[in-house]
Amino acid sequence: MRFVVRFAALVFVIFTGLFSVVHAGVLTAYAARIAGDDARTRIVIDFDGKPDVSLRYIANPDRIVVDLPAVSFSFPSQDLEARGLFRDVRFGAIDSAHSRLVLSTAARPAKIVKSEILPNENGKGFRLVLDAEMTDAAGFAALVSPQAWTADARPAKGDFPAAEEGAAPVSAEAFVIAVDAGHGGIDAGASGKVTNTPEKTITLAFARALVERLNRQKGIKAFLTREKDEFLSLSQRVTLARQGRANLFISIHADMLGQVGIRGATVYTISDKASDHLAAAAAERENQSDEVGGVDTGSEPPEVSDILADLTRRETQAFSVAMAKSVVSSFEGQINLINNPHRFAGFRVLQAPDVPSILLEMGFLSNKDDEKLLLDPAWRNKVADLLVTAINKYRAPLAAKGG
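Rules and cut-offs
- Residue numbers here run from 1 along each chain, matching the order of that chain's written sequence.
- With the structure being a predicted model, the display of local features is reserved for residues of pLDDT at least 70 and the display and counting of side-chain atom pairs for 80 or more, all residues being used for whole-chain, interface and lining totals.
- Excluding hydrogens and water, the side-chain values take into account all heavy atoms of the structure.
- Strands are labelled as partners when DSSP assigns at least two bridges between them.
- The helix count covers DSSP runs of H or I at least four residues long, the strand count covers runs of E at least two residues long, and both are numbered beginning at the N terminus.
- Only the contacting stretch of a helix is used when fitting its axis, a line to C-alpha atoms as for every element, and angles between N-to-C directions run 0 to 180 degrees.
- The buried label applies to any residue whose accessible area, calculated with a 1.4 Å probe on protein chains only, is under 20% of its type's maximum; exposed applies above 50%, and partly exposed to all values in between.
- Contact criterion: two residues are considered in contact whenever any of their non-hydrogen atoms come within 4.5 Å of each other.
- Here the nonpolar core consists of buried residues drawn from Ala, Val, Leu, Ile, Met, Phe, Trp, Tyr and Cys, with membership extended through side-chain atoms lying within 4.5 Å.
- Per-residue confidence from the predictor is reported as pLDDT, a score between 0 and 100.
- The term polar contact refers here to a pair of N or O atoms within 3.5 Å; inside protein, the definition further demands a hydrogen-donor-capable atom paired with an acceptor-capable atom, and it admits residues adjacent in sequence only when both atoms are side-chain atoms.
- Aromatic pairing here means that ring centres of Phe, Tyr or Trp (its six-membered ring) are within 6.5 Å. Orientation follows from the plane angle: under 30 degrees is stacked, over 60 is edge-to-face, and everything else is tilted.
- Helix span, expected: 1.5 Å multiplied by one less than the number of residues in the helix.

### Observations concerning the sheet that holds strand β1 (residues 27-36)
Here five strands make up an open sheet; going across it, the order is β5-β1-β2-β9-β8 and the pairing mixed. Among the strands making up the open sheet, the edge pair consists of β5 (71-73) and β8 (110-119). Across the sheet, the mean angle from the axis of one strand to that of its neighbour is 25 degrees, orientation sign disregarded. In terms of strand pairing, β1 meets β5 through three bridges, oriented parallel. Its bridge partner lying in β5, Thr-28 is registered against Ser-72.

This is the structure we're talking about:
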């Protein structure tokens with residue numbers, strides 16, 4: 001009996017020692033958070049040590065797989081509850097030496113555009129930061145095709161792919177302009193007072209005419225954020241402009257007011273403080289597009305400020321204002337403008353921190369005279385020509401400086 005007790009004690013000591021050795025090689029993920037929307041999503045995981053991380057993409061269904069060394073996930077699973085670009089987030093052990101994070105994409109494919117392993121500010125441990133961004137089917141397929149692996153395969157250690165892998169190349173000499181036809185799909189926007197024509201139809205017709213003219217200009221490459229009657233969230237519009245490496249973003253609208261006598265074009269730029277009540281009300285209406293389309297615009301964790309609402313850099317904002325002034329100058333004496341035609345407010349669609357952006361209200365569908373002009377292709381072509389002139393005037397000093 002005494003021998004049995006001693007043998008059991010010896011086994012316990014050996015097992016405890018082995019467990020301590022194994023546990024010593026296991027990282028602990030002690031905190032995590034996720035924030036974002038249907039265009040961009042960030043995941044942050046805190047570790048007590050520095051993890052080796054590798055990444056792969058799998059299709060059918062579309063997934064992003066992040067392979068890790070052995071990890072003890074000690075945070076509550078709800079801390080990484082799926083949201084934004086992802087419909088499902090799973091994590092756990094694969095075997096005694098490996099763990100895995102699997103991100104299943106939602107309506108649109110996604111790609112990792114930024115990945116960092118950073119030391120925590122308190123000097124204890126490291127954090128893995130993954131920034132995901134929407135892509136299209138072709139872009140995701142380009143990420144999947146060179147990999148030839150299965151869901152159970154573990155890739156070799158290595159760095160993440162370049163942030164813009166799979167992106168379409170753009171000529172270094174081209175001045176790229178993203179033209180955004182406001183509203184679309186389930187979000188019809190305003191409607192004509194007389195004809196009931198939806199704003200989304202007018203903005204797309206004008207945007208197409210503008211892009212066609214811009215692409216005739218030497219050194220300019222213009223593209224549409226939407227080419228058909230489809231819904232895009234405000235964040236998706238901003239992301240498409242940035243993915244296209246736009247040097248300028250122009251969002252086209254034709255609003256509706258309660259005061260039917262107000263008419264004329266308005267040019268808006270972004271600001272955290274509105275220039276006046278009219279601008280504030282316009283921003284509130286345009287920012288409701290996401291709610292109309294069923295996009296969750298509820299409160300976000302603090303990290304979302306790094307993803308969705310970065311304060312526009314002062315230099316970018318100054319360029320936006322310069323473009324707005326050029327538009328007003330080109331329009332004066334040619335088409336109707338409201339009083340104080342350059343205004344500013346907190347438009348979410350203008351929030352790209354690195355792309356000068358304006359929102360052009362061509363006129364008001366609540367005014368029958370403006371409505372008649374907005375439905376006239378000849379008038380829209382005239383406005384498009386004037387806008388091309390404004391863009392060339394804005395671009396001239398930049399081109400002279402090599403920008």
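### Overview of the pairing of strand β15 (residues 357-364)
The element β15 is largely enclosed, with a buried count of eight among its eight residues. Sheet topology places strand β12 (residues 248-255) next to β15; six bridges connect them, and they run parallel. For His-253, the partnering residue across the bridge sits in β15 and is Glu-361. Here strand β13 (residues 265-270) runs beside β15; their pairing, made up of three bridges, is antiparallel. Across the sheet, residue Tyr-268 finds its bridge partner in β15, namely Leu-359.

### Comments concerning the sheet that holds β12
Taken together, six strands build an open sheet; the order of strands is β11-β10-β12-β15-β13-β14 and the sheet is mixed. Bordering the open sheet on either side are β11 (220-224) and β14 (337-345), each of which pairs with just one other strand. Each strand of the sheet is rotated relative to its neighbour by a mean of 20 degrees, with strand direction disregarded. Along the sheet face, helix α3 (residues 199-214) touches β10 (175-181), β11, β12 and β15 and points at about 165 degrees away from the line of β10. Of the strands in this sheet, β10, β11 and β12 are in contact with helix α4 (residues 234-243), which crosses β10 at around 160 degrees.

### Brief notes about the nonpolar core
Formed by 42 residues in total, the largest nonpolar core has its most connected members in Ile-177, Met-323 and Leu-387. Met-323 has contacts with Leu-248, Ile-250, Ile-358, Leu-387, Ala-390, Ile-391 and Tyr-394, leaving out every residue within four places of it along the chain. Core analysis: the second largest hydrophobic core is formed by 31 residues, Ala-29, Ile-43, Val-71 and Leu-130 among them.

### Thoughts on the confidence of the model for the protein chain
Parts of the prediction with low pLDDT should not have their coordinates interpreted in detail. Averaged over all residues, the pLDDT of the protein chain equals 84, while 81% of them reach at least 70. In this model residues 1-24 is a low-confidence stretch, pLDDT under 50, and it forms zero contacts with partners more than four residues away in sequence or in other chains. Confidence drops under a pLDDT of 50 for residues 299-312, and excluding neighbours within four residues, the segment shows 34 contacts in the predicted structure.

### Considerations on the side chain of Asp-180
Here Asp-180 lies in strand β10. Accessibility expressed as a relative area gives 1% for Asp-180, which makes it buried. At a separation of 2.7 Å, a polar atom in the side chain of Asp-180 contacts the side chain of Ser-251. Discounting residues that sit within four places of it in the chain, Asp-180 has contacts with Thr-225, Arg-237, Phe-249, Ile-250, Ser-251, Ile-252 and Val-349.

### Quick word on the packing of aromatic side chains
Tallied over the full model, the rule gives six aromatic pairs. Ring geometry for Phe-73 against Phe-91: centres 5.0 Å apart, planes inclined by 50 degrees, an arrangement best described as tilted. Residue Phe-73 is located in strand β5, and its partner Phe-91 is located in strand β6 (residues 86-95); the two are separated by 18 residues in the primary sequence. For Phe-91, a relative accessible area of 24% translates into the label partly exposed. The rings of Phe-73, Phe-75 and Phe-91 are connected pair by pair, giving a single aromatic cluster.

### Structural notes on helix α7 (residues 314-331)
For α7, spanning 18 residues, the distance from its first C-alpha to its last is 26 Å, which sits close to the expected 26 Å at 1.5 Å a residue. Those residues of α7 that fall on the buried side of the exposure criterion are Thr-316, Ser-320, Met-323, Ala-324, Ser-326, Val-327, Val-328, Ser-330 and Phe-331. The positive-phi residue at the C-terminal boundary of α7 is Gly-333, with phi of around 80 degrees.

### A few points about the environment of Ile-220
Mapped onto the fold, Ile-220 is located in strand β11. Taking the relative accessible area as the measure of exposure, Ile-220 reaches 7% and is therefore buried. The sequence separation of Ile-220 and Glu-173 amounts to 47 residues, and the corresponding C-alpha distance is 8.6 Å. Ile-220 has contacts with Phe-175, Ile-177, Leu-214, Asn-215, Ile-391, Asn-392 and Arg-395, leaving out every residue within four places of it along the chain.

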